[in-house]
Amino acid sequence: MTHPIYLDNSATTRTAPEVVEAMSPYFSTSYGNASSLHAFGREAHRAVEESRGAIAELLGAQPEEIVFTAGATEANNLAIIGSAFSSNGRKHLITTAIEHHAVLHTVEWLRTQGFDATVLDVDPTGRVDPEQVREAIRPDTLLVSVMTGNNEIGTLQPIEEIGRICRDHGVRFHTDAVQALGKVPLPVDAADLLSISAHKFHGPKGVGFLFVRKGIKLTPILHGGGHERGRRSGTENVPGIVGMAAAAKLALGEQDATSSRMRALRARMIDAVTQLRGTRLNGHREESLPHIANFSFEAIEGESLVMRLDERGIAVSTGSACSSPNLEPSHVLIAIGVPLSMAHGSLRVSTGRQTTEQEIDEFLDVLPEVVEGLRAISPFKVGE
Amino acid sequence: MYTERVIEHFRNPHNMGKLEDYSAIGKVGNIVCGDVMWLYIKVDPDEEGRDVITDISWETFGCTAAIATSSMVSDLAKGRTIDEAITLTNQDVAKELGGLPPIKMHCSALAADALNEAIYTYLSQQGREIPGPLRKRHERIAREVAALEKRYEAFVDKNRG
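Because the structure is a prediction, the values reported are computed rather than measured.

### Examining the interface of chain B and chain A
Between chain B and chain A, the residue contacts involve 24 residues of the former and 26 residues of the latter. Here the side of chain B that touches chain A is built from residues that sort into 14 nonpolar, 7 polar and 3 charged.

Encoded structure:
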């Protein structure tokens, strides 16, 4: 192995060289504040609006429907809190047990502010039943928030169907589509609000956007100079926004080729790993984002598995308790019913546009040895 | 986040595996909580009749820190008399490893607890008197396991809706 193998692309991705190049002038020469009147400012303003236009066109949206943010955590907060505080007295939200914490913890916080929430269960593959959404809708439901594809296990949700149900009931629908851009078609037509983060598709960190369907009112959560048509104050991150537009062009332009390559790599991993003893696939074999595969290994713990693989030059991640700051295992794995012992031994492998078949094969070569090495010092035996 | 010493012990752990001819085992932790350590000790009398831990090994399910602390506690206890080994603390284990991240300090506690439990089991089997501090720690360990299990049950209940 000549170089480290990066298989943690759902955590973050390498900023593509062409993206870095597109951003570069906005640090060095065109560094103006997009709100300034002078030539520097006009240059920056033009770059921001061109990027907005490009992103809108790629999505099939209007430019004024794109609100730039500092990433998807902010986009999710704006979508949820912004809806809650402009709801004309409606007090109820619906979400699912497997959302990212940027959604779940925001909904949890709203509960402390006088709002009520229903958190829907998922099936053992991580799928939400659209009928459950229909049944949970109340006259005072202000928002349904269901992610497009899960960041830990990859499972895709029936977003079109959920979107239809929400529209039929006149309820606003938000989807966290962070892992979806460049991997599967974005459900822009089904959603009223949709969150995106640039660094998940080879763009820069610290920038994202919220798609806000025309006519949807949001109370801002950041107050200040009234940027983004009053919806998000704060000086625009010009290089970030330019980089995000460049990355989106790249990702959507090559989506079919990249995602079919990723799908093949994922199938290859699933076939190989599930043949090893004491393993399971967490998630859905078919209805999944193409770049994420999540496995559990009996009798071993995920953090030490990640560290052993790291020593061999392979970067992956785990949903084990020992790897989390609060020593709790992944809420997603628990929600799909993975036994605690197996949740501790989970491994998430996620590919990127640069991942090669050879890298996957090297990972699959090293994995059994590392797993058995840890099992040899474990008090538990496979099948016990 | 981990010191070089921790990584070294994680990479090449000492005294790992099951001891075939052991005198007692100390079992601590719970798979539900993500850390389990089984410590095996072989105890033999020396010329002066003192109980000495002549051999030691362990099997651990857990993170990098759990494996490194297992390795370290086995190094520290090997060749010691039971009376000496009883005085080993989790701070001793962590210190010998050049420190542990604050969130991982419980792993060194687990290692010291495993040694405590192995010695407790050994003395109980021999029908010997259990020193006060050893008994006290034994009771604390049991209480903590129960509390952790409760906490995890609550976490699972909450996330399965």
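Next, the rest of the story.
### Observations regarding the domain arrangement of chain A
Residue and element names in this part refer to chain A. Under the domain assignment used here, chain A contains domain 1 (5–12 + 255–376) and domain 2 (17–253). Here the C-alpha centroids of domain 1 and domain 2 sit 27 Å apart. Facing the 24 residues of domain 1 at the interface are 25 residues of domain 2. Contributing elements (two or more residues each) for the side of domain 1 that touches domain 2: helix 9 (255–275), strand 10 (292–297) and helix 11 (331–335). When grouped by side-chain class, the residues that make up the side of domain 1 that touches domain 2 number 7 nonpolar, 14 polar and 3 charged.

### A short note on helix 2 (residues 64–77) of chain B
All names here are of chain B. Between its terminal C-alpha atoms helix 2 stretches 20 Å, which fits the 20 Å expected from 14 residues at 1.5 Å a residue. With respect to burial, helix 2 is a largely interior element, 12 of its 14 residues being buried. The set of residues buried in helix 2 consists of Thr64, Ala65, Ala66, Ile67, Ala68, Thr69, Ser70, Ser71, Met72, Val73, Ser74 and Ala77. Two residues or fewer past helix 2, glycine 79 is found with a positive phi of approximately 85 degrees.

### Looking at the nonpolar core
One finds Ala247 of chain A together with Met37, Ala111 and Leu115 of chain B to be the most contacted residues of the largest nonpolar core, which totals 161 residues. Of all the elements, helix 5 (residues 105–125) of chain B adds the most residues to this core, at 12 residues. There are two domains that each give this core at least three residues, and those are domain 1 (5–12 + 255–376) and domain 2 (17–253) of chain A. Not counting residues within four places of it along the chain, the set of residues in contact with alanine 111 of chain B comprises Met37, Thr69, Ser70, Met72, Val73, Asn90 and Val93 of chain B.

Thresholds, definitions, all that
- Residues numbered from 1 in each chain as written.
- Chains lettered and ligands numbered in written order.
- Predicted model: local features only at pLDDT ≥ 70, side-chain atom pairs only at ≥ 80, totals over all residues.
- Contact = placed C-beta atoms within 7 Å.
- Nonpolar A, V, L, I, M, F, W, Y, C, P; charged D, E, K, R; others polar.
- Domains from an automatic or database assignment.
- Helix = DSSP H or I, 4+ residues; strand = E, 2+ residues; numbered from the N terminus.
- Expected span 1.5 Å × (residues − 1).
- Buried ≥ 20, exposed ≤ 12 C-beta atoms within 10 Å, placed from the backbone.
- Core = buried A, V, L, I, M, F, W, Y, C linked by C-beta atoms within 7 Å.

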